[in-house]
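Residue-level structure breakdown
In case you want the letters, here they are:
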Amino acid sequence: MKQEKQIWQKTSAELFQDLDCGAEGLSARKAAERLERYGPNELRGGGQRSVLRIFLEQFADFLVVILIAAAVVSAVLGDAESAVVILAVITMNAVLGTVQTVKAAASLDSLKRMSAPTAKVLRDGQAVQVPGREVTVGDVVLLEAGDSVCADGRLLECASLKCAESALTGESLPVEKETAAIPGDVPLGDRKNMVFSGSFVSYGRARFLVTAVGMDTEMGKIAALLKNTEEKKTPLQVSLDQFGRRLSAIILAICAVLFAVSVLVRHENVMNAFLFAVALAVAAIPEALSSIVTIVLSFGTGQMAKENAIIRKLQAVEGLGSVSVICSDKTGTLTQNRMTVQKLYTGGRVIPVEEADFSDPIQEPLLRAALLCSDATVNGHGEVGDPTETALVRLGKDHGFDEERTRGRWSRLAELPFDSDRKLMSTVHELSGGLLLVTKGAVDILLDRTVVSPAERAEIEEVNERFSGEGLRVLAFACRTVDSAAVSLADETGLTFLGLIAMMDPPRAESKAAVAACISAGIRPIMITGDHRVTAAAIAREIGILTEGTEAVDGAVLDGMSDEALRDFVPKVSVYARVSPEHKIRIVRAWQDRGSLVAMTGDGVNDAPALKQADIGVAMGVTGTEVAKDAAGMVLADDNFATIVQAVKNGRNVYANIKRAIQFLLSGNMAGILTVLYASLMGLPVPFAAVHLLFINLLTDSLPAIALGLEPHTDAVMAEKPRPRDEGILTRPFLTSVAVEGAVIALAAILAFHMGLSHGGAAADKVR
Ligand code: ATP
């Protein structure tokens with residue numbers, strides 16, 4: 001505790017000395033040694049069960065205990081043979097149950113590993129991406145907006161860093177961080193020079209020195225208290241559990257009546273009658289219902305992961321089957337996110353990219369601004385950064401404007417990073433005579449901040465519409481001189497317009513077919529984008545989302561609309577452009593109010609609330625932030641819209657398979673009960689011995705049901721309409737077909753029994 005207290009009071013130099021490390025991070029060798037010493041950086045919940053414990057739990061069922069007791073008593077009374085067989089069957093059943101549970105848990109574990117967060121750390125002075133569990137004490141971790149903090153540590157550097165620490169402190173607003181040492185003993189929420197595992201970066205950038213990992217972190221201390229890390233049950237499991245409980249009560253009542261009839265009316269041996277009644281209850285009660293769902297769902301997630309859809313919550317698989325609206329981002333999800341500049345507009349002239357010329361004094365300021373006000377790099381090692389910006393830097397490279405020389409000559413002194421709410425980015429550079437502010441961003445927004453005559457403005461807007469109509473993404477550029485490098489949002493006004501740069505981001509090859517598959521499966525695809533309406537509409541039309549009779553609107557039209565009006569409005573709209581995160585939430589809610597089950601994609605920090613609101617939040621695996629992934633039920637490893645549609649197909653197949661398995665279980669159990677009831681009512685001998693019943697249960701209960709649950713997937717499911725949002729699995733037609741099948745199987749068994757009896761066969765109670 002004393003050691004922990006000192007961390008925020010010390011200087012970074014003292015900490016480096018204490019932890020035997022430096023600002024350049026650990027070497028790979030030292031990191032490996034420390035990983036060994038401190039153990040993996042993970043929280044160990046108390047939920048891990050040993051195989052033996054799982055095996056023993058299989059016997060914890062009330063009826064099984066009674067059955068064992070009854071078998072033992074009957075052995076003592078002289079029927080050792082059936083006691084041995086009953087115990088053997090019960091043990092085999094338990095082994096099967098254990099194997100299934102362990103396998104399902106293993107596949108859930110591998111899921112968790114797949115969606116585990118990564119961290120950027122300095123190793124041997126180089127920034128590398130490592131799995132969060134490999135981060136160790138002494139590592140220097142780099143953070144940016146949207147990252148989750150993977151360990152506790154002391155900040156070494158920070159730029160406007162804000163962290164959301166509500167999971168730890170309950171404080172809902174993000175906390176502003178700093179690096180200076182803090183004297184005295186301050187509570188967790190005031191340790192502003194520290195970051196904590198389990199929190200998220202909501203704004204800014206930083207570097208921190210890891211001081212505690214795994215269970216030693218503040219989060220670990222809480223996690224140690226929260227022993228239970230068990231997966232929550234899905235709605236389907238909950239409803240099946242309820243159904244199973246009701247059914248069990250009925251079956252127990254029937255068994256009690258049968259027991260009474262055997263003893264009181266037929267004067268059978270009490271012990272035998274009891275053993276039989278309990279065996280019937282064990283065989284007839286469908287205890288496998290909810291575990292079949294777990295097994296089929298968790299195996300389904302394995303299939304989905306192979307197809308790039310990584311499921312984070314089992315519930316998502318179930319929900320995917322009934323998705324009726326998919327709201328998707330445009331850039332990167334429906335399009336390739338491979339931007340190439342096509343056209344420029346500057347000095348009142350549209351210039352095709354082939355004619356771009358850096359030696360032309362009219363074009364030069366625009367092309368230079370494009371390079372200076374971008375963070376991306378394009379060099380021998382490849383392209384790094386936002387595709388919009390790599391397109392701009394590539395434009396420079398292709399036309400002989402060297403990235404490094406340009407950036408070295410007009411060095412960057414300050415910046416306001418791109419923010420998808422503001423839709424602008426600004427940088428300040430050193431000029432020979434002073435300081436230059438360069439701003440780039442969405443045309444409509446930047447134009448309001450420039451000084452242009454109404455005629456110029458009209459022309460720029462007309463060119464913007466024309467470019468956008470061709471599906472191009474258009475960025476505007478502007479600049480002005482400033483007095484100080486300390487740049488603030490207020491500086492982005494009174495700018496001089498430099499020009500426009502339009503780039504193409506072609507749709508993904510598979511988008512069109514995926515959209516068509518959605519529509520034929522009764523699912524409504526909707527594009528929600530931060531881009532310009534006309535650009536979005538052109539792309540949406542090309543891939544089939546924007547169709548006759550539906551419209552493309554700006555997110556702003558939702559602002560004046562009541563929730564009721566919006567509910568009536570959403571069916572008409574296929575494309576929402578220039579949306580804010582709040583718009584996304586309202587669109588999801590409006591569709592949900594209409595009874596639809598909504599999947600929604602997202603990548604940014606601000607998308608998390610909409611991802612949580614959607615029935616299935618879908619985060620981008622490549623470009624998405626950790627915050628978005630954490631809020632989502634599913635992560636797309638390839639950021640591709642077609643993957644969502646494929647996942648819906650898998651979800652529908654999984655649901656159909658679960659239904660098959662349950663239908664099999666219920667109809668088989670019902671047939672058993674009906675047969676016994678019939679024999680009892682007709683005064684016939686008992687058709688099954690207790691051992692028979694248990695054997696039937698072992699062979700025909702879970703194994704064939706699992707086989708049915710793992711039936712190969714088919715495309716046929718995509719020809720159906722989505723299942724209504726509130727429709728449970730146990731619909732009237734479903735239960736009717738269970739009843740009919742159960743009756744047919746029972747009839748066959750009864751006929752066979754009669755035939756056996758009439759051919760001189762002995763009743764079950766005589767063959768034991
Ligand atoms: P989607 O929501 O479909 O992913 P998007 O990626 O186009 O759409 P944003 O990244 O929020 O959405 O971009 C919104 C707008 O901001 C763009 O239309 C563009 O005008 C502008 N913009 C995008 N990237 C930058 C950037 N790096 N610098 C400045 N402005 C940008």
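Quick caveat: nothing in here was measured; it's all calculated off a predicted structure.

**Brief notes about the domain arrangement of the protein**
Domains assigned within the protein are domain 1 (7–38 + 110–228), domain 2 (301–334 + 508–648) and domain 3 (340–504). Taking only C-alpha atoms into account, the centre of domain 1 sits 33 Å from that of domain 2. Between domain 1 and domain 2, the contact holds 12 residues from the first and 10 residues from the second. Both sides of the domain 1 and domain 2 interface together cover about 890 Å² of buried area, and 70% of this is carbon and sulfur. Run the count over domain 1 and domain 2 and you get zero salt bridges. Seen at the junction of domain 1 and domain 2, the total is two residue pairs in polar contact (both at pLDDT 80 or more).

**Things to note about the side chain of His532**
Position of His532 relative to the elements: it lies in the loop between strand E19 (524–528) and helix H19 (533–543). Within the local environment of His532, its side chain forms a polar contact with the backbone nitrogen of Val534, the two atoms lying 3.1 Å apart. Dropping the residues within four chain positions of it, His532 is found in contact with Asp444, Asn464, Glu465, Ser468, Ala577 and Arg578.

**So, the packing of helix H9 (residues 235–265) against helix H11 (residues 289–306)**
At their nearest, the axes of H9 and H11 sit 8 Å apart, and the two run at 160° to each other. Of the possible angle classes, the one that applies to H9 and H11 is roughly antiparallel. The handedness of the crossing between H9 and H11 comes out as right-handed. Note on element contacts: H11 touches H9 through Leu289, Ser290, Val293 and Thr294, opposite Leu236, Gln237, Leu240, Asp241, Phe243 and Gly244. A class-by-class count of the residues in the contact of H9 with H11 yields five nonpolar, four polar and one charged.

**Side note on the environment of Glu218**
Here Glu218 shows up in helix H8 (residues 218–225). With relative accessibility at 13%, the residue Glu218 sits in the buried group. Linking Glu218 and Ser197, residues 21 residues apart in sequence, is a C-alpha distance of 7.2 Å.

**Remarks on the pattern of salt bridges**
Under the counting rule described, the total for this entry stands at 33 salt bridges. Here Glu33 makes a salt bridge to Arg29, at a shortest N to O gap of 2.9 Å. A residue pair is termed a helical-turn pair when its members lie 3 or 4 positions apart in one helix, as Glu33 and Arg29 do in helix H3 (residues 28–38) at four residues. Judged by relative accessible area, Glu33 falls into the partly exposed class, the value being 45%. The exposure class of Arg29 is exposed, given its relative accessible area of 61%. Ionic contacts of the salt-bridge type, sharing partners, join the residues Lys120, Glu144, Asp147 and Arg205 into one network.

**Some points on the sheet that holds strand E18 (residues 496–504)**
Ordered in space as E11-E10-E18-E17-E16-E15-E14, the seven strands form an open sheet in which the pairing is antiparallel. The sheet is open, and its two edges are formed by strand E11 (349–352) and strand E14 (412–419), each paired on a single side. Averaged over neighbouring strand pairs, the angle between their axes works out to 20° when direction is ignored. With seven bridges connecting them, strand E15 (residues 424–430) and strand E16 (residues 435–442) associate as antiparallel partners. Its bridge partner being in E16, Met425 is matched across the sheet by Lys440. Contacts from helix H17 (residues 454–469) reach strand E10 (340–346), E11, strand E17 (472–482) and E18 within the one sheet, and its direction differs from that of E10 by about 160°.

**Quick word on helix H25 (residues 690–709)**
Compared with the 28 Å implied by 1.5 Å per residue over 20 residues, the 28 Å span of H25 between its first and last C-alpha is a close match. Helix geometry: H25 is bent most strongly at Asn697, by close to 25°. Those residues of H25 that fall on the buried side of the exposure criterion are Ala690, Val691, Leu693, Leu694, Asn697, Leu698, Asp701, Ser702, Ala705, Ile706 and Gly709.

Criteria and cut-off values
- Residues numbered from 1 in each chain as written.
- Predicted model: local features only at pLDDT ≥ 70, side-chain atom pairs only at ≥ 80, totals over all residues.
- Heavy atoms only, no water.
- Domains from an automatic or database assignment.
- Contact = heavy atoms within 4.5 Å.
- Buried area = accessible area lost by both parts, 1.4 Å probe.
- Salt bridge = Lys/Arg side-chain N within 4 Å of Asp/Glu carboxyl O.
- Polar contact = N/O pair within 3.5 Å; in protein donor to acceptor, adjacent residues only side chain to side chain.
- Helix = DSSP H or I, 4+ residues; strand = E, 2+ residues; numbered from the N terminus.
- Axes fitted to C-alpha atoms, helices over the stretch in contact; angles between N-to-C directions.
- Parallel < 35°, antiparallel > 145°, perpendicular 65-115°, else oblique.
- Left-handed = near helix turned anticlockwise from the far one by under 90°.
- Nonpolar A, V, L, I, M, F, W, Y, C, P; charged D, E, K, R; others polar.
- Buried < 20%, exposed > 50% of the residue type's maximum accessible area, 1.4 Å probe, protein only.
- Pairing = 2+ DSSP bridges.
- Expected span 1.5 Å × (residues − 1).
- Bend = angle between axes of the 7 residues up to and from the residue.

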